[in-house]
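For reference, the chains in residue letters:
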Number of protein chains: 2
Amino acid sequence: MIAVTAFAPATVSNVACGFDVLGFALESPGDEVTARPLPAGVRIDAIEGDAGRLPRDPTRNTAGVAAQALLTRLGETRGVSLTIRKGLPLSSGLGGSAASAAAAVVAVDALFGAQSSADVLVACALEGERLGAGSSHADNIAPSICGGFVLVRHQMPPDIVRLPVPEGLTAVVVHPHLEIETARARALLGASVPLEDAVRQWANLGALVHGLHTGDFALIGRALEDTIAEPRRASLVPGLAAIKAAAMTAGALGCSLSGSGPSLFALCARPDLAPRVGEAMAAAVRRAIGEDPEVYVSPVAPRGAHVVSSCVS
Amino acid sequence: MIAVTAFAPATVSNVACGFDVLGFALESPGDEVTARPLPAGVRIDAIEGDAGRLPRDPTRNTAGVAAQALLTRLGETRGVSLTIRKGLPLSSGLGGSAASAAAAVVAVDALFGAQSSADVLVACALEGERLGAGSSHADNIAPSICGGFVLVRHQMPPDIVRLPVPEGLTAVVVHPHLEIETARARALLGASVPLEDAVRQWANLGALVHGLHTGDFALIGRALEDTIAEPRRASLVPGLAAIKAAAMTAGALGCSLSGSGPSLFALCARPDLAPRVGEAMAAAVRRAIGEDPEVYVSPVAPRGAHVVSSCVS
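Residues numbered from 1 in each chain as written. Chains lettered and ligands numbered in written order. Predicted model: local features only at pLDDT ≥ 70, side-chain atom pairs only at ≥ 80, totals over all residues.

Caption draft 1: Representation of the overall build of chain A. Helices and strands together make up the secondary structure of chain A, namely 10 helices and 12 strands. Here chain A has a C-alpha radius of gyration of 19 Å; the compact-globule value for 313 residues is 20 Å, and the two agree. Counting only C-alpha atoms and orienting by the principal axes, one finds that chain A spans roughly 55 × 40 × 40 Å. With 313 residues in all, chain A has 58% of them scored as buried. (Helix = DSSP H or I, 4+ residues; strand = E, 2+ residues; numbered from the N terminus. Rg over C-alpha atoms; globule rule 2.2 N^0.38 Å. Buried ≥ 20, exposed ≤ 12 C-beta atoms within 10 Å, placed from the backbone.)

Have a look at this one:
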């Protein structure tokens, strides 16, 4: 094998009631990483789509660190050179650093025919994510690798629970042109939360998991409530309440920040409702910040990071 | 109808990772309430099994208040007299006040042929529970009325989620002869919790709900971890760590306080494992406090509060 290219999708983490433990994968957009063998070490040959903002130093690049973690785990003495194509906007709250790390480990794993388990891939990609996010949470990494709706019961060692996705469940994501540093968004949360808010959060998360199992869209909608992160981060996204209200009026089940924002997601019970929800959210973003957001509509994608091309000669 | 007797089962609330929102019903023990019509008002004729400790004043008795709440809700001008037979030890952490309130509303509802919904019965019984517990949480009331494993997504109006119970799941409950006031146990918790502990709690609750849906007993076991209440209440039950360890060594999936204690529950994947787990826990209680506890073994009971006899003449 002389080159393997893998794609890893954008992910929505937190999902209103699952701060730091829940996420789901979109079909697209996503990042691509091409891995080629080197005699030793990890090198980054090129990064496209980042406007020169991401570090080329592999020890400071999320994909580079993830690739090195996997090589170490495999006991592999050979190295890799990586080419990264960012399909995801930086600092958008759509799991960009996770997608690069996920694509890197999947590409490197395939390059060496290692067939590592999802747990191993998640653990190694997490090493890269730790760089990007300042702390490591697998709620973007795990869905980007596994696809679907994923609950991270435990971080390390990973205890990853793949939740079912009811037929029809469709995501809308809007990305307003604001940038939020994950570390700053995290600092807004503080180290403790009112017990009452926490109780409400776990009641909602339990109900959401039940709703996904039973296809009870009304319950899913009621459970998509964030008592922890969103209220404390609301100031980061101008017009947040109006954007949420627009999504709900247009027929969404729920709407909240994607990760630490600035992107917002909504979930819809049917694909045909999603475009209207996306338009309503985009219009509300335009009114709030005077600029059109990117809008993505996608099913909750069953497939996570995967090889898109291999070149043997 | 001149008399209706209803039985309502003991319940285990919190269930390790579901503080204030999760509970399940046992088959037995439980409380019985007999309701007879009166021209008006609520009266308590007799209470058996409480050693004279519960108030006979219906406005200060959990069953009396619950009965009155239902009469009011039904617009019923007639009244009831109640006889209460406590099958549950007082202040045991097994939902005793909830069982009396649940049996009372089910008996009164049947006496007047009202056929109220579970939501109405829960809401009215909760009025009674508020007296006993100092604050009202439906995590004992809802499973005592509905049976099975119940998640209370929202308190009022009630949003009650009935979870599936995997075949074989069996509960062991031991009741050491200690008394813990719910209000005191609650005060130990404080008003806020570390975000990190809260995150771990909702990850576990989500995983437990998934485990109940999929019958994944290993996951259920991993999820039966309490990062919120048990660590802060451990001092209330001498030997708590040893009792838990005994349960796990004997084959339990998990073990924690039932409600605010002093009772402890364990869950087992198969009925035949339960007696051994019960004996191990009882022996550990004996070593810790020098006295034998009551031991109850029961499936997670699909049936909640129900009429056991009606007398028409």
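Text resumes after the structure shown.
Caption draft 2: Main features of the nonpolar core. Counting 227 residues, the largest nonpolar core has A:Met281 and B:Met281 as its most contacted members. Ignoring any residue separated from it by four or fewer positions in sequence, one finds A:Met281 in contact with A:Val172, A:Val174, A:Ile243, A:Ala246, A:Ala247, A:Leu264 and A:Ala266. (Core = buried A, V, L, I, M, F, W, Y, C linked by C-beta atoms within 7 Å. Contact = placed C-beta atoms within 7 Å.)

Caption draft 3: Spatial organisation of the domain arrangement of chain A. Residues and elements named next belong to chain A. When the domains of chain A are assigned, the result is domain 1 (3-163 + 301-311) and domain 2 (170-299). Here domain 1 and domain 2 have C-alpha centroids that lie 24 Å from each other. Taken together, the contacts link 26 residues of domain 1 with 34 residues of domain 2. Sort the elements by how many residues they give to the side of domain 1 that touches domain 2 and strand β2 (residues 22-38) lands first, with six residues. Of the residues that constitute the side of domain 1 that touches domain 2, the class distribution is 15 nonpolar, 10 polar and one charged. (Domains from an automatic or database assignment. Nonpolar A, V, L, I, M, F, W, Y, C, P; charged D, E, K, R; others polar.)

Caption draft 4: Spotlight on the interface of chain A and chain B. At the interface, 32 residues of chain A touch 32 residues of chain B. Ranked by residues supplied to the side of chain A that touches chain B, first place goes to helix α6 (residues 195-214) of chain A with 13 residues. A class-by-class count of the residues in the side of chain A that touches chain B yields 20 nonpolar, eight polar and four charged. As defined by bridge partners, strand β8 (residues 192-194) of chain A adjoins strand β8 (residues 192-194) of chain B across three bridges and the pair is classed as antiparallel. Across the sheet, A:Pro194 pairs through a bridge with B:Ser192, a residue of β8(B). (Pairing = 2+ DSSP bridges.)

Caption draft 5: Structural detail: the sheet that holds strand β11 (residues 294-299) of chain B. All names here are of chain B. Strand order in this open sheet of four strands is β9-β10-β7-β11, and the pairing throughout is antiparallel. Of all strands in the sheet, those bounded by a partner on one side alone are β9 (254-257) and β11. Strand-to-strand twist in this sheet, taken as the mean axis angle between neighbours without regard to direction, amounts to 20°. Two elements, strand β7 (residues 170-175) and strand β10 (residues 264-268), share five bridges in a ladder whose sense is antiparallel. The residue bridging Ala-171 from the neighbouring strand is Leu-267, located in β10. Relative to β7, helix α10 (residues 274-289) is tilted by about 20°, and along the sheet it contacts β7, β10 and β11. (Axes fitted to C-alpha atoms, helices over the stretch in contact; angles between N-to-C directions.)

Caption draft 6: Spatial organisation of α10(B). Residue and element names in this part refer to chain B. In this model α10 runs 22 Å from its N-terminal to its C-terminal C-alpha over 16 residues, within 8% of the 22 Å that 1.5 Å per residue would give. For α10, the set of buried residues is Ala-274, Val-277, Gly-278, Ala-280, Met-281, Ala-282, Ala-284 and Val-285. Each element contacted by the buried residues of α10 is listed here: β7, α9 (240-249), β10 and β11. Positioned one or two residues after α10, Gly-290 has a phi angle of 70°, which is positive. (Expected span 1.5 Å × (residues − 1).)

Caption draft 7: Local environment of the environment of A:Asp197. All names here are of chain A. For Asp-197, the position within the fold is in helix α6. Along the backbone, Asp-197 and Val-307 are 110 residues apart, and their C-alpha atoms lie at a distance of 42 Å. Apart from the residues lying within four places of it in its own chain, the contact partners of Asp-197 are Thr-227 and Ile-228.

Caption draft 8: Looking closely at the relation of the copies chain A and chain B. Each copy of the sequence occupies a distinct position, and chain A is placed on chain B by a rotation of 180° and an axial shift of 0.0 Å, giving an RMSD of 0.0 Å. Read as a symmetry element, the transformation amounts to a two-fold axis. Most of the interface of chain A is mirrored in chain B, where 100% of its interface residues again form contacts. (Least-squares fit on C-alpha atoms with pLDDT ≥ 70 in both.)

Caption draft 9: Broad picture of the sheet that holds strand β7 (residues 170-175) of chain A. All names here are of chain A. Across the sheet, which stays open at both edges, the four strands sit in the order β9-β10-β7-β11 with antiparallel pairing between neighbours. Only two strands of the sheet have a single partner each, and these edge strands are β9 (254-257) and β11 (294-299). Within this sheet the neighbouring strands show an average axis-to-axis angle of 20°, counted without direction. Packing against the sheet, helix α10 (residues 274-289) makes contact with β7, β10 (264-268) and β11, and its axis sits at approximately 20° to β7.

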